[in-house]
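What the coordinates show
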There are 2 protein chains.
Amino acid sequence: MLDAKHIEALKEIVGQENVYSDKAHLIAYSYDATRTRFQPDAVVFPRDEKDVSEILKYCNTHRIIITPRGAGSGFTGGALPTQGGITLAMEKHMNKILEIDMENMVAVVQPGVINMDLQKAVEAVGLFYPPDPASEQYSSLGGNVSENAGGMRAAKYGITKDYVMALRAVRPNGDIIRAGKRTIKDVAGYNIAGILIASEGTLAVLTEITLKLIPKPKFTKAYMGIFPSVEAAMNAVFKSLAAGANPVAMEFLDSLVVHAVKEKLGVDLPEEAGALLIGDVDGNVEQEVSFQLEILERSFKENGAQEFVVAHDAAKREELWYARRNASPSITIFGNKKLNEDISVPRSMLPKALTRIYAVGNKYGFKVPCFGHAGDGNIHVNVMLDNPDEELLEKGHHAIQEIFELVVEMGGTLSGEHGIGTSKAPFMNIAFNEQELALFKDIKNAFDPNNILNPGKMGLPN
Amino acid sequence: MLDAKHIEALKEIVGQENVYSDKAHLIAYSYDATRTRFQPDAVVFPRDEKDVSEILKYCNTHRIIITPRGAGSGFTGGALPTQGGITLAMEKHMNKILEIDMENMVAVVQPGVINMDLQKAVEAVGLFYPPDPASEQYSSLGGNVSENAGGMRAAKYGITKDYVMALRAVRPNGDIIRAGKRTIKDVAGYNIAGILIASEGTLAVLTEITLKLIPKPKFTKAYMGIFPSVEAAMNAVFKSLAAGANPVAMEFLDSLVVHAVKEKLGVDLPEEAGALLIGDVDGNVEQEVSFQLEILERSFKENGAQEFVVAHDAAKREELWYARRNASPSITIFGNKKLNEDISVPRSMLPKALTRIYAVGNKYGFKVPCFGHAGDGNIHVNVMLDNPDEELLEKGHHAIQEIFELVVEMGGTLSGEHGIGTSKAPFMNIAFNEQELALFKDIKNAFDPNNILNPGKMGLPN
């Protein structure tokens, strides 16, 4: 519980109407997409950067724990106030697109802006913000930067970090830090923006984000490759890319997911379809689109594709994408509880990685449907459990542990885009050795010596 | 002077033949491209990462200062052993391309590999490493990463940091750190690679670099726009880019440089040419190249270009590029000493920035020819002095100070690609406030609490 005098002090900083400690608010801000719950002691809505600075300074002095929160859509618990303290919520006031600078092709936003709101605003003026996490309709850009969110278009366009040009942020001691510039090149001083990206709210609180925009390509077409097996599809992924293809997206559905979308949604696919690759290609000229489709068709067929389908109109494009977009809800036919991990491996390792992941599933008796962003090596691995009791859940976690171990052994990572937070923290020692974990602690300590910002996340000390 | 017992200890680590403290070696390793000289007390050539780790551990224990060194081609003194101690030179042993992984399109190199050697090796197998600093023929990739080198192709393809996928590095305490993966997405743990890039050898010593490669575009054409004035050319830069052009390079020569290349090289240009934009466009298909050239031609002419020339063959391309490639040596007609700074501003600020830079030159009576990477906002500003005495040099530095002030005021940076090192250290307080400089110190201290790695660089304490 937070002492009443602290609540009063916070109200003096941000105003009466921006601090809440009533039951309803505490419950409303206790969750994220992990579906676990931890109540904060108070919810505070800063109005601006100055508020953030004063709140942090106060909390740092009084050792009050702060959990920064965007939209609460994270999959790994980054916004969960696991130690109580205050939740610093950006959604109420710090949610404005401050500027779209057409001349320099950048957008300046506050951290609470929803990803899709920015996408729409910039597309309205002919520009393009590529990062498109599956949560794009509701996740905030502050959260996207803090987790370094990916998405489907990463295969061609990269991830959030590739678009962050500058940040403003507040250190726990209240210092306001400007990092980066509205310039493509800037090598003066340490790359502070670089270390804040993906730091999961543990180093500083973001108050302003400057994002690179690019011209919107004029032509886009969707494609689908139908393969007899997962292995054939996975070979086609890295071989088509190595042959020069540069698709916007190259999404993967494995045999179980193909079965699920047929079964649950009645998607019309060939009987023998064992795996799908679905994506878009784009270009400024139609010939670039054709060039891309030719490489894909050739490489896919060389790797055993039974069919290569191109959507020549919007309706067909929707049809091709339908199966992918509904992959996640469809796989509930295998169980009502999924342990959903977003591993990533070097693309050439995809065939072997999936073989080994299925073997782990078989060993434990779990179905493990996999789908996701094969074009960048990032696969959503779902260990499916049905009405699991404690024992089954425990078994599920053992399976996840084995999957992480094989992924890391193959040069992959615990997380391609979801972050570590609380849910992957127990696995950090699979991916990092003692020296590396010690460096993380030293960096945390350099920014936040009193450990008030989101403590206990990413395997860092409570 | 380094105690003889330390020299002996270092010889035990790396072998007799890899430690030198004779006069010839100390002189040979005393310089970089700043043309200032500081002798180390010894030059050590590590054979591998284990050597680096043991040397650092030893030096950390005995508080011996270490200056890491790639090719010594830096413009800001990053590789100068200003405090003596040992120079850790990568060029002798740690200079190998370890792997070109075609399937995942990455190269793994040691830090001493010369940039152009990598470019050639990957182009031989149809791949492309875009970062092309002007020093590409002799600068090392370790130096490129440490300074976050840019180049001409940054307008389309970005800079070194956009290609670093993973690093291995050694902390001053000897800890070997792996940062990043051979995967496009990786959000597990702090972005250590992000903070090591551009850290100028002050945080850790790089031992291995994994770089992203891309498919080599099939078609390239060069273009030149001839403008009546610098202002017209500068407007054309950001207006053509905002109109959707995505040139590989968009290089700029101002009126003084145009005069210099005509005068010194006899380049044939129209009498009234006041500024040039020169660059390449590329694409996988010819129509993409045409698409780019059409946007450029239209935008350039809308902004007053007198001529727009396209090179349709290699000879013509060489001819168009000739003036740009010889800009730097040509401007010596204005003086035998240049103060060469690589400021960068948001592109829309280019016209105003240049007007103000010339005004500073006029005020002091200096010619200030400018050229460089206009397409990414990065301009090489040359304050020209002829046989300067102390007083004139001092005046030159005042002019530079004023230029940095106006650049920062316009949202620009002290350095687009050269780094800070020693030569720009006195100007750090123009660009950063006390809080930001304090954060840099805290980060330095987290990695290197005994301040043995390249102390005194980037405005950090000696």
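Definitions and limits used
- Residues numbered from 1 in each chain as written.
- Chains lettered and ligands numbered in written order.
- Predicted model: local features only at pLDDT ≥ 70, side-chain atom pairs only at ≥ 80, totals over all residues.
- Heavy atoms only, no water.
- Domains from an automatic or database assignment.
- Contact = heavy atoms within 4.5 Å.
- Buried area = accessible area lost by both parts, 1.4 Å probe.
- Salt bridge = Lys/Arg side-chain N within 4 Å of Asp/Glu carboxyl O.
- Nonpolar A, V, L, I, M, F, W, Y, C, P; charged D, E, K, R; others polar.
- Helix = DSSP H or I, 4+ residues; strand = E, 2+ residues; numbered from the N terminus.
- Buried < 20%, exposed > 50% of the residue type's maximum accessible area, 1.4 Å probe, protein only.

Now for the domain arrangement of chain A. Residues and elements named next belong to chain A. Per the domain assignment, the segments of chain A are domain 1 (4–92), domain 2 (97–215), domain 3 (219–328) and domain 4 (335–430). Domain 2 and domain 4 are separated by 28 Å when their C-alpha centres are compared. Counting residues at the interface gives 9 residues for domain 2 and 8 residues for domain 4. A buried area of about 540 Å², summed over both sides, lies between domain 2 and domain 4, and 43% of it is on carbon and sulfur atoms. Our enumeration of links across domain 2 and domain 4 arrives at 0 salt bridges. In the side of domain 2 that touches domain 4, the residues fall into 4 nonpolar, 3 polar and 2 charged.

Residue and element names in this part refer to chain A. Positionally, Val281 belongs in strand β14 (residues 275–283). Distance from Val281 to Asp48, taken between C-alpha atoms, is 40 Å for residues 233 residues apart in sequence. With sequence-adjacent residues up to four places away left out, Val281 is seen in contact with Phe219, Thr220, Lys221, Tyr223, Pro247, Val248, Val289, Gln292, Leu293 and Leu296.

One pass over the structure, following the stated rule, counts 44 salt bridges over all chains. The closest approach of N and O atoms between Lys50 of chain A and Glu54 of chain A, which form a salt bridge, is 3.2 Å. Taken together, the residues span about one helical turn, with Lys50 of chain A and Glu54 of chain A both in helix α3 (residues 49–61) at a distance of 4 residues. Across the pair Lys363 of chain B and Glu402 of chain B runs a salt bridge, and its minimum N-O distance is 2.6 Å. Residue Lys363 of chain B is found in helix α13 (residues 350–364), and its partner Glu402 of chain B is found in helix α14 (residues 390–409); the two are separated by 39 residues along the sequence. Residue class for Lys363 of chain B comes out exposed when judged on its relative accessible area of 57%.

Residue and element names in this part refer to chain B. Even without being a glycine, Asn148 presents a positive backbone phi close to 55°. With respect to the secondary-structure elements, Asn148 resides in the loop between α5 (141–147) and α6 (154–157). The exposure class assigned to Asn148 is buried, which follows from its relative accessible area of 3%. Backbone geometry places Glu200, a non-glycine residue, at a positive phi of 55°. Of the residues examined, Glu200 reaches a relative accessible area of 2% and is grouped as buried.

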